[in-house]
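Take a look at the letters that make up each chain.
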Amino acid sequence: MKSIKILSISALFFVACEDITSNNQSAPIIDMIPPTVSISSPLDNQTVSGVQSIIISAQDNNKIHDVSLHILSPTSNEFYEIERWNNTSSSSSVSYSYDWDTSLEIDGNYNIKVIVNDHDVYHTSGNAGTEKEIGVMVYNYVYTGGGSGGGWSGGGCGGRCE
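Residues numbered from 1 in each chain as written. Predicted model: local features only at pLDDT ≥ 70, side-chain atom pairs only at ≥ 80, totals over all residues. Heavy atoms only, no water.

**As for unusual backbone geometry**
Piece 1. Serine 41 connects to proline 42 through a cis peptide bond whose omega is -5°.
Piece 2. Mapped onto the elements, proline 42 comes out in the loop between β1 (36-41) and β2 (46-48).
Piece 3. Positive phi, normally seen in glycine, also occurs at asparagine 45, with a value near 70°.
Piece 4. Mapped onto the elements, asparagine 45 comes out in the loop between β1 and β2. (Helix = DSSP H or I, 4+ residues; strand = E, 2+ residues; numbered from the N terminus.)

**Details of the sheet that holds strand β7 (residues 108-117)**
Within a sheet, neighbouring strands are paired by backbone hydrogen bonds and run either parallel or antiparallel to one another.
Piece 1. In spatial order, the strands read β2-β8-β7-β4-β5; together these 5 strands make up an open sheet with mixed pairing. At either margin of the open sheet sits one strand with a lone partner, and together these are β2 and β5 (80-86). Across this sheet, the average inter-strand angle for adjacent strands is 30°, counted without regard to direction. (Pairing = 2+ DSSP bridges. Axes fitted to C-alpha atoms, helices over the stretch in contact; angles between N-to-C directions.)

**Things to note about the sheet that holds strand β3 (residues 51-59)**
Piece 1. The antiparallel open sheet is built from 3 strands, whose spatial order is β1-β3-β6. Every other strand in the sheet has two partners, leaving β1 and β6 (93-101) as the edge strands with one partner each. Averaged over all pairs of adjacent strands, the angle between their axes in this sheet comes to 20°, without regard to strand direction.
Piece 2. Pairing of β1 with β3, which is carried by 5 bridges, proceeds in the antiparallel orientation. Bridge assignment links isoleucine 39 to a residue of β3, and that residue is isoleucine 56.

This is the structure we're talking about:
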C-alpha cells in the first residue's frame, strides 16, 4: 500500500506540473516608460489675450492613448477639462491644437495642464501617464470708446464675471 500512495502523490505532482507548463498564454507586457508631453504655445508665464492657440505634442515608445487639456482659473480651486482627444490610430506621436478664447475669461493668472496616457486608464500598464503644467496671465484690453473717459483699458470679463 505504501507504494500506491507514493505513486499517487507522484502522479498528482506530475499532472500539476503539466498543467502549468502546458498553458500557452503569455504574461502581459508591462510598459514602464511613461509618455512625454510638451506645450509649445503659449509659453510658461506668457501674457495672453484674445484667441490663444494651445499647441500640444506627445510621444511614447508604444502608443499614445489619449490627451486631455485642463484649465485652472483664478477663481477656482480645481482644474476643469476643456478638451480631450482619443488617439484612434496606433501612432506613438501626436500633436493637437486648441483655440482658447480668453476674452470669455476674467483677467488673471491661469494654469494650463495637459495629461497624456499611453494606455487605457482601466488597464494596468506599469506607468500612470504624464502631465505638463504651465502658467499664463490672461489680460484682455477693452476699447471703451474715444470720448471723455474712454479709450483702451484692461480687465476683460467676457460674460463670465459674477
